Amino acid sequence: MKYEVNDPVRLTDDGKAILAIDQTLLPNHVAYIRLEKPQEMFDAIKTMQVRGAPCIGIFAGYAMFLQAKSLASIHTDKEHFYQDLHKFAKFLSTARPTVMNLPWALKRMERTAANNMRRSFDTIVEAMRREAVEIHEQNIRTCYAIANFGLTLINDGDSVMTYCNAGALATSRYGTGLGPLILGAQKGMDLHAYICETRPMLQGARLSAYELGNAGVKSTLICDNMAAVVMQQGWVKACFVGADRVAKNGDTANKIGTLGLAVLAKHYKIPFYVFCPSSTIDISCDDGSKIVMEVRDSDEIKREYFKSPVAPDAVDCFNPASDITDARLISAIITEDGINYPPYDFN
Ligand code: MRU
């Protein structure tokens, strides 16, 4: 595949490593990291150098290919090769437990290995390389379809509120929640975004403002606690967010703060739309109560992105990475298959 500048994750030309934009350094530095070893790959996801559910899925595909290649060079029997590959998949899947695209991609890669088990190691590894590339290419097609569906929900001149970052950095090329805005700008539409900064990791301020600016979408950055006043003024036509995992009934796990925004949107009668590839939908999960919540280090609240700590060292923090938005607060869930309206029953 021919990589482009807005592919946040790719294979190196020599096929020996993953090259990823270090998203923790944006927007001030555009720096790439090269990842080869299992622990480096785990850490890149855990520390959010690589982030955004679909992007993590793409990364996991390439990681499985590289691990298969490395295991094939040390194993002579397939059973041990497969066992070690499975161990690696289990290890990587714990890096961000809420993100559905991670186990989805890992399982898909394991299945590819299993389906080719009677063939030579070279053939297995090549099949896995092709599958990883297909996961990546499929995501690009998917995001484009989602962006097109999303564009039908807004009109020229509209302003939309966004949360976290569901753009190309979180996927590849178009993004999900930001996709309609990026595509709209390409089509010459006059669209505007109110970007919530998204405490504590500031994906809105650092990443969405950066991406929408590059795409030529006019934007206004607000702190998260300013969303209510913007809605109250009637300045936004809709809210567009991504998803980390969607349960069968439509309950949606996404970046912490999404739930609060959905409650506000309901109050002010503003449509609240969730955008995700169908690979984010967990049909084994009946409702949101079954989704694992990731709780992260309190330093993200107290120190990260500040010159000096903003709270006493001793203060206790609660830092969940995601929350669950009840399906009844969501106006529609947009996937590559179309616009799904409630009641949701994904299968
Ligand atoms: O914690 P992050 O930065 O990985 O969170 C990302 C989000 O919340 C996104 O909305 C979600 O992963 C979907 S990205 C298209």
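Just above sits the structure.
Residues numbered from 1 in each chain as written. Predicted model: local features only at pLDDT ≥ 70, side-chain atom pairs only at ≥ 80, totals over all residues. Heavy atoms only, no water.

Once that is clear, we can look at helix α9 (residues 258-267). Of all the positions in α9, only T258, L261, A262 and A265 are classed as buried. For α9, the angular spread of the buried residues around the axis is 100°, confining them to a single face. Positioned one or two residues after α9, K269 has a phi angle of 55°, which is positive. (Buried < 20%, exposed > 50% of the residue type's maximum accessible area, 1.4 Å probe, protein only. Helix = DSSP H or I, 4+ residues; strand = E, 2+ residues; numbered from the N terminus. Arc of directions from axis to C-beta.)

Attention now moves to the site of the ligand. What surrounds the ligand is a group of 18 residues, the closest being R51, R96, D244, N254 and K255. The contact in question runs from an oxygen atom of the ligand to an N or O atom on the side chain of R51, over 2.4 Å. Between an oxygen atom of the ligand and a side-chain N or O atom of N254, the distance comes to 2.7 Å. Considered on its own, the ligand offers 410 Å² of accessible surface; in the complex 100% of this is hidden by protein. More than half of the atoms belonging to the ligand lie within 2 Å of the grid points that define the largest cavity. Elements with a minimum of two residues in the shell around the ligand: α2 (53-72) and β9 (252-255). When the residues that make up the shell around the ligand are grouped by side-chain class, the tally is seven nonpolar, seven polar and four charged. (Near = heavy atom within 4 Å. Polar contact = N/O pair within 3.5 Å; in protein donor to acceptor, adjacent residues only side chain to side chain. Areas by Shrake-Rupley, 256 points an atom, 1.4 Å probe, with all protein chains shown as cover. 1 Å grid on protein atoms, 1.4 Å probe; cavity = no way out; pocket = protein on both sides within 12 Å on 5 of 7 lines; lining within 4 Å. Sits in = over half its atoms within 2 Å of the grid points. Nonpolar A, V, L, I, M, F, W, Y, C, P; charged D, E, K, R; others polar.)

Omega for the peptide link from L26 to P27 comes to 5°, which places this bond in the cis form. Relative to the elements of secondary structure, P27 occurs in the loop between β2 (18-21) and β3 (32-35). Between P342 and P343 the backbone carries a cis peptide bond, its omega angle lying at 0°. In this structure, K269 is a non-glycine residue whose phi angle is positive, near 55°. Structurally, K269 can be placed in the loop between α9 and β10 (272-275). Despite not being glycine, Y305 has its phi angle at roughly 65°, a positive value.

The subject of this paragraph is the pattern of salt bridges. Applying the stated rule across the entire model yields 19 salt bridges. A salt bridge links E294 to R296, with the nearest nitrogen and oxygen atoms 2.7 Å apart. No difference in accessibility class separates E294 from R296, as the two residues are buried. Taking the shortest distance from any N to any O, the salt bridge between E300 and R296 comes out at 2.8 Å. A residue is classified by how much of its surface remains accessible, and R296, at 13% relative accessible area, is buried. One network of salt bridges, with partners in common, ties together R96, E294, R296 and E300. (Salt bridge = Lys/Arg side-chain N within 4 Å of Asp/Glu carboxyl O.)

Here the focus is the layout of surface pockets. Looking at the largest pocket, its volume works out to about 400 Å³. Along its surface, the largest pocket is lined by 20 residues, and N6, A168, R173, E211 and N214 are the ones closest to its centre. At the level of secondary structure, the elements contributing two or more residues to the lining of the largest pocket comprise α6 (179-186) and α7 (203-215). The leading source of residues in the lining of the largest pocket is α7, at four residues. (Points joined across faces, edges and corners; volume = space filled by probe spheres on them.)

Summed over all chains, the structure comprises two cavities of 30 Å³ or more. Of the volumes computed, that of the largest cavity is approximately 230 Å³. Lining the largest cavity we find 24 residues, and of these G52, A53, N165, D244 and N254 sit closest to its centre. Elements with a minimum of two residues in the lining of the largest cavity: α2 and β9. In the lining of the largest cavity, the residues fall into 13 nonpolar, seven polar and four charged.

Looking along a regular strand, one sees the side chains alternate between the two faces of the sheet. Burial along β10 is two-sided: the face carrying F272 and V274 and the face carrying Y273 and F275 are both buried. Bridging between strand β7 (residues 238-241) and β10 involves three bridges; their strand directions are parallel. Its bridge partner lying in β10, V241 is registered against V274. When β10 meets strand β13 (residues 332-335), the two strands line up parallel, connected through three bridges. Note that in β13 the partner of F275 across the bridge is I334. (Pairing = 2+ DSSP bridges.)

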